[in-house]
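Below are the chains, spelled out letter by letter.
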Amino acid sequence: MDTTIKIGGEAGQGIQTIGDTLARVFARSGYHVFTNQDYESRIRGGHNFYQIRLADRPVMAPRDGVDILVALDKESIRLHQQELTPRGHIIYDADTLKEKHDGSGFLDVPFVRLATEHGGNKIMANTVATGAVLGMLGMELSILLELIEEVFRKKGAAVVAANRNAAQAGHDHAVKTCLTCGFSAGPVEKPQPRLLVGGTEAIALGALASGVQFYSAYPMTPSTGIMNYLASKEKEYGVVVEQAEDEIAAINMAIGASFAGARSMTGTSGGGFALMVEGVSLAAMTETPVVIALGMRPGPATGFPTRTEQGELHMALHAGHGEFPRFIFAPGTPEQAFFLTNKAFDLAEKYQVQAFILFDTYLADTQWTLRGFDLGRLRNTDYRVRGEAFQKLASYKRHAFTESGVSPLAVPGDAKHLVVTDSDEHDEDGHIVEDAETRIKMVEKRLFRKFPLMQAEVAPPFLYGDPHPDIVVTGWGSLYGLLREAVDELSRSKSIAMLHFSELFPFPATDRFDYLELLGRARLSVCVEQNATGQLARLMKTETGYDMRALLSKYDGRPFTVDSLVENLKGMIKKL
Amino acid sequence: MPTAEEYRGQVPAWCPGCGNFPILKTFKDAMVELGMEPHRYTIVSGIGQAAKFPHYTKGNTFNGLHGRALPVATGIRLVNTDMTVIVTTGDGDCYGEGGNHLMAAMRRNINVKLFVHDNQIYGLTKGQPSPTTGEGMVTKNVPFGVIAGQFNPLALAVALDCSFAARAFAGDMEHLKGMMKEAINHRGFSFVDILQPCVTFNKVNTFDWYRQRVYKLGPDHNAADRTAAFTRALEWGDRIPLGVIYRNERPTFEERFPALTGQPIVRQQAFQTARLEKTVNEFS
C-alpha cells in the first residue's frame, strides 16, 4: 500500500486544513505518512497544493503519481490531471467549480450542498471533502470524528456535531458513488499511532529539549514556524521569544541574552541572514555561544520566497568578517533536525562558538511520521559558571588562555567578579588591546586550539545501501529521504549506496569512516544538490581534494520527487 | 558602600579636554551616590569615542558593534531582570547606525538606561557629520556644507512616548549627575541626550557655544504633559532646555512580558526534561 493524495486549489480555500486533518488521521491510524507543500507568496488566490503519501512502510519523499486529487478549483484539474495513476481519481464539487466531468476517474461530491444540508453551513465543505477522501480509501471515520471533537470542542457541542455530520455525509456519499474506487487503506495490523512532525517544528522542539531560554527573530519564510512554535511554549517553558525590529537586532539580542547567561538562538532565511552577518562575527570575537537556524530558499535577493534551494551552504561557511571556527549541521529529517538542534546547542555552549542548523523550505514544510524521540539521547550539560561556583573563584578573566582555548563562561552579576568582553581585539580580561603578541595568542585560542576539538565532535557521513557500492550517490541536508528512496529503487538492479552528510563543518574527518576510500573505489560518484553549483561537491574538493565524478543539480525551486531522481540517476548510470 | 576608587578603569584614550571626561567623572560619582556596585550593572556600548567608556570605569561590559548596543542591552535585560543595563553611545552610533533600534527600544519601554554622548560630529573617524550636525556645517567629506536636516532626538522621544527623556550638558556636572541618577531610578526606558563638546572636530558647538544657550527647565515645566514636552523638545538654537523634558509611568516591557513574571530567566532551570514527553505527544 503506497497512496498519494493531492489537494489543490487557491490560497485561502482550506487546502492546509484538509491536508493537515487527513495526515493526522493517517498517522493516528498507524500509517507511515509523508507530506509536502507547494505554495506561492500570496495569502489568497494563485495555485497551491498539499501532497500526502501514506503507506504501510516508511516513506520519506514525494512521488510523481497521484491516486486521489482533491480539486478545489478548475486549475487543479487542468494542472494535475496528467499526474493521475491508472487507478487515480479526481474528487471535486461540480456545483462549486461550475463544470461537470464525465470521465470514469472523476467523482463529483457536492461538498457545499452536503455541508449545508448536513452541517447547516457551507463553511463545513472542507470537512465534507475530508470525510469523502476517507470514504474513497475505504477507511472508517472514527479517528476523524475524534479529531473533530478535539479541534472544535472549544466552539461548543453544536459545532462538533455539525462537523461530524458533515464528515459522515461526505464519507457516505463517496462510498455510495465511487464505484470505481479500488483503494483499500483498511486498518493497519496492530496499529500504533505515530507522531506527525514537521521540519521547523522539529527544530523548535529540539531547541526546547535543549533548554532554549531566548529566541529572537524577524519573520521570514521558511523560518517563521520556529518562532511561532516556541512562542506557543513561552510561558510553559520559560522561554523569551521576541520579534526583533530587524535581523540585525535579532542576532544582537540573542548575543546579549547569551552573554547574560541564557541559552540563546535566532532563526532566519538567506536574506535576513545577510543582515545578521556582522553579528556572526561579533559572536565569534566575543566567544558568545549562539545557535542560528538558517532556512534556505532560492535567491539571489528575494528570489522565490516560498520555494526551496540548498544555496546557502557557502554563505553559512564564510559569513562574518575575520577568521573563526563554527559548526554547520544540515538535518535531513525531522528526527535529525531534533537531535542536531540539540547537538548545536550543546557544542555552541561547550566551545563558545556559533552553531548553524541549515535547512530549506522543502524540509521546513514536510511532515513525517515517527514513533517518538529517544529523549535519553539528548546531550544537556550546563557549561556556564554560575552562582556559588562563580563566587568561589579567586579571580575571573572572561577570555583566559587555556589549553583547549575555551575560557570559563560566567554569568554576569552572579559574583563580584566582572565579566568583560569586546568586539575589538582584547586581552584575557576582555579589555581593548593593540599589541601583536596578544593578538597572535587570541587567534590561536579562538581558532587553532578550538578547531581540532570541534572537528572531533563531528560525525562522519551516513552510508545507506550496498556497503561496497559501484555507485555512490552523495547529498546533504533535506535530500536524505529522496536519496534513500531512490537508492532503494535502484538497488534492485544496481550496486548502489547513499552517502549523506548532515554534519558539514568542521568537515568530517576520515578516521572513523574512510568515506574517501569508498568514493575512490566506486565506478560512479554523483553529488545530488538542490542548487546550481554543487556546493557540497566544492566543499568536499576544498577539504579533501576529492572531486565528485558527476553533479546532478536542480535549481528551479521545486524539490525532486523519487521518480524524477531515479530517472535522472538511471540516465547517468546508463553512460557508465 | 562603594567608593570612587572602585570605579577606576583604564586610562582613557580620548583627546585632552574632551567632553567625555566630565561625563565619565559624573557617572562614577552618580554610581557612588546610588551605591550601585560594579557587578550589579552591565554597560553595553557600540563603536565610537563614547563606546570606549566602559573600559574607563568598572562594570560588566559588552562592547559590541557600531549601532548595535541597544539590541544587545535588550537581550541582556530580558533574561536578567535583576541586572541594571546601561548603554553608553554617541550620536553617530545611536542616531545614525542604530536608529531603528532606538525607535524599537523606546516603543518597547524596556528598562534600559541610554546615555547618548551627543557631540554633533563623528570623532573616531575624524570629523564627518552625524545626524545631529547642524545644517551647513562644513567637514572634509562635505565641503559644501551639510544638507540634511538636523535630527532632533528629543522630539523623536516624545513622539514615541519614550517613558523618560532628558537632556544634560557635559559642562554642568552637577545637573548631569542628577539626570543620570533620575534615569537609573526611573522604571522603564530612560534616555538622556548629553551635549558633549568635541574639542578636536567640532569647532562650532564648543563649551562656550553650549554655555551661552543652555538653560535649566524649572518647576513651570510639566514633564508629564506631552504637548508641553513636545514644545520644549523643539526648542533649539538660541535657547536649549536642559532637564527632564518628558516622562510617563507606563508599564515596562518586562512587566508585561508573560514569561518574565517569576525569577530572572538566567536563574531558572533551562532543561525541563520532565515536560518534554507531554510536549512531544502533542504531535500525535
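The rules behind the values
- Residues numbered from 1 in each chain as written.
- Chains lettered and ligands numbered in written order.
- Predicted model: local features only at pLDDT ≥ 70, side-chain atom pairs only at ≥ 80, totals over all residues.
- Heavy atoms only, no water.
- Helix = DSSP H or I, 4+ residues; strand = E, 2+ residues; numbered from the N terminus.
- Rg over C-alpha atoms; globule rule 2.2 N^0.38 Å.
- Buried < 20%, exposed > 50% of the residue type's maximum accessible area, 1.4 Å probe, protein only.
- Contact = heavy atoms within 4.5 Å.
- Axes fitted to C-alpha atoms, helices over the stretch in contact; angles between N-to-C directions.
- Parallel < 35°, antiparallel > 145°, perpendicular 65-115°, else oblique.
- Left-handed = near helix turned anticlockwise from the far one by under 90°.
- Nonpolar A, V, L, I, M, F, W, Y, C, P; charged D, E, K, R; others polar.
- Buried area = accessible area lost by both parts, 1.4 Å probe.
- Salt bridge = Lys/Arg side-chain N within 4 Å of Asp/Glu carboxyl O.
- Polar contact = N/O pair within 3.5 Å; in protein donor to acceptor, adjacent residues only side chain to side chain.
- Pairing = 2+ DSSP bridges.
- Phe/Tyr/Trp six-rings, centres within 6.5 Å; stacked < 30°, edge-to-face > 60°.
- Lys NZ or Arg CZ within 6 Å of the ring centre and 35° of its normal.
- Disulfide = S-S within 2.5 Å.

Enquirer: Sorry if this is basic, but what is going on with the overall build of chain B here?
Expert: Scanning chain B from terminus to terminus reveals 10 helices and 8 strands. The C-alpha atoms of chain B give a radius of gyration of 20 Å, which matches the 19 Å a tight globule of 284 residues would have. Each principal axis of the C-alpha atoms in chain B carries an extent, and together these give about 70 × 45 × 40 Å. Put simply, chain B has 284 residues, and 59% of those count as buried. Within chain B, contacts between residues separated by at least 24 positions form 72% of all contacts whose residues are at least 6 apart in sequence.

Enquirer: Would you mind showing me how to read the environment of M173 of chain B here?
Expert: Residues and elements named next belong to chain B. With respect to the helices, strands and loops of the structure, M173 is situated in helix α6 (residues 173-185). When the C-alpha atoms of M173 and K25 are compared, they prove to be 8.5 Å apart, with 148 residues separating the residues in sequence. Setting aside residues up to four positions removed in sequence, M173 forms contacts with P22, K25 and T26.

Enquirer: What's the story with the packing of helix α8 (residues 199-209) of chain A against helix α9 (residues 224-232) of chain A in this structure? I'm lost.
Expert: The relative placement of two packed helices is expressed as an angle between their axes plus a distance between the axes. Residue and element names in this part refer to chain A. Two numbers describe how α8 lies on α9: the axes approach to 8 Å, and their chain directions differ by 45°. The angle between α8 and α9 places the two elements in the oblique class. Once α8 is placed against α9, the crossing between them reads as right-handed. For the pair α8 and α9, contact is made by T200, I203, A204, L205 and L208 and by G225, I226, Y229 and L230, respectively. Counted by class, the contact of α8 with α9 contains 7 nonpolar, 2 polar and no charged residues.

Enquirer: What is the right way to read the interface of chain A and chain B from this model?
Expert: You'll often see interface size given as the accessible area lost when the parts meet. The interface of chain A with chain B comprises 69 residues on the first partner and 51 residues on the second. In total, about 5000 Å² of surface goes out of reach between chain A and chain B, with carbon and sulfur atoms giving 63% of it. For the chain A face of the interface with chain B, the top three residues by lost area are Y237, E245 and L418 of chain A, together amounting to 13%. Seen at the junction of chain A and chain B, the total is 7 salt bridges. Among the salt bridges present, the one from K416 of chain A reaches E37 of chain B, with a minimum N-O distance of 2.8 Å. Between the two partners, chain A and chain B, sit 27 residue pairs in polar contact (both at pLDDT 80 or more).

Enquirer: Would you mind showing me how to read the sheet that holds strand β23 (residues 550-553) of chain A here?
Expert: Strands pair in a sheet through their backbones, by hydrogen bonds, and they do so in one of two ways: parallel or antiparallel. Residue and element names in this part refer to chain A. The 5 strands are arranged β18-β20-β19-β22-β23 in an open sheet whose pairing can be described as mixed. Unpaired on one side and paired on the other, β18 (462-465) and β23 mark the two borders of the sheet. The average undirected angle you get between the axes of adjacent strands in this sheet is 25°. Two elements, strand β19 (residues 471-476) and strand β22 (residues 524-529), share 4 bridges in a ladder whose sense is parallel. Note on β22: the bridge partner recorded for I471 is L524.

Enquirer: For this particular structure, what's the right way to read the packing of aromatic side chains?
Expert: Each aromatic ring pair is summarised here by two numbers: the centre-to-centre distance and the angle between the ring planes. Under the counting rule described, the total for this entry stands at 29 aromatic pairs over all chains. On the numbers, 5.0 Å between centres and 50° between planes, the contact of Y95 of chain B with F151 of chain B is tilted. With a gap of 56 residues between them, Y95 of chain B in helix α3 (residues 91-97) and F151 of chain B in the loop between β4 (112-118) and α5 (153-159) connect regions that are remote in the sequence. Their ring planes at 45° and their centres at 6.1 Å tell us that W209 of chain B and W236 of chain B sit as a pair that is tilted. Of this pair, W209 of chain B sits in helix α7 (residues 207-213) while W236 of chain B sits in the loop between α8 (226-233) and β8 (240-247), placing them 27 residues apart in sequence. Look at W209 of chain B and you get buried, because its relative accessible area is 17%. One aromatic cluster in this structure is built from F169, F207, W209, Y210 and W236 of chain B. In this arrangement the basic side chain of R484 of chain A is found over the ring face of Y464 of chain A, its NZ or CZ atom lying 4.2 Å from the centre.

Enquirer: Is there a simple way to explain unusual backbone geometry in this structure?
Expert: Excluding glycine, residues mostly carry a negative phi; peptide bonds, for their part, are mostly trans. Residue and element names in this part refer to chain A. Residues T221 and P222 are joined by a peptide bond in cis, for which omega reads 5°. Each neighbour pair has its own omega, and for G299 with P300 the value is -5°, a cis peptide bond. Here P300 shows up in the loop between β11 (290-296) and α13 (313-318). Phi is positive for E287, which is not a glycine, with a value near 50°. Along the chain, E287 turns up in the loop between α12 (270-285) and β11. By relative accessible area, E287 is classed as buried at 0%.

Enquirer: Whenever I open this one, the pattern of salt bridges confuses me. Can you help?
Expert: Pairs can form between side chains of opposite charge whenever their charged atoms are close. Residues and elements named next belong to chain A. Inspection of the entire model under this criterion finds 58 salt bridges over all chains. Between R57 and D2 there is a salt bridge whose closest N-O contact spans 3.1 Å. Placement of the pair is R57 in the loop between β3 (45-55) and β4 (66-71) and D2 in strand β1 (residues 2-11), with a sequence separation of 55 residues.

Enquirer: Can you help me understand the state of the cysteines in this one?
Expert: Formally, a disulfide is one covalent bond, and it connects the sulfur atom of one cysteine to the sulfur atom of another. Counting across every chain of the model gives 1 disulfide over all chains. The partner cysteine of C178 of chain A in its disulfide is C181 of chain A, sulfur to sulfur 1.8 Å. Negative torsions about the S-S bond denote left-handed disulfides, and the value of about 80° found for C178 of chain A with C181 of chain A makes this one right-handed. The pair C178 of chain A / C181 of chain A is uniform in exposure class, with both members buried. Counting only cysteine sulfurs, C162 of chain B is the nearest neighbor of C94 of chain B, a cysteine outside any disulfide, at a range of 11 Å. Take C94 of chain B: its relative accessible area is 4%, and that puts it in the buried class. Exposure remark for C162 of chain B: the relative accessible area of 0% places this residue in the buried category.

Enquirer: What am I meant to see in the sheet that holds strand β6 (residues 190-195) of chain B here?
Expert: Taken in spatial order, the 9 strands make up an open sheet running β17(A)-β2(B)-β1(B)-β3(B)-β4(B)-β6(B)-β5(B)-β8(B)-β7(B), and their pairing is mixed. Every other strand in the sheet has two partners, leaving β17 (420-422) of chain A together with β7 (214-216) of chain B as the edge strands with one partner each. Strand-to-strand twist across the sheet, computed as the mean angle between neighbouring axes with direction ignored, equals 20°. Relative to strand β3 (residues 84-90) of chain B, strand β1 (residues 41-45) of chain B is paired through 5 bridges, and the arrangement is parallel. Paired with I43 of chain B across the strands is I86 of chain B, a residue of β3 of chain B.

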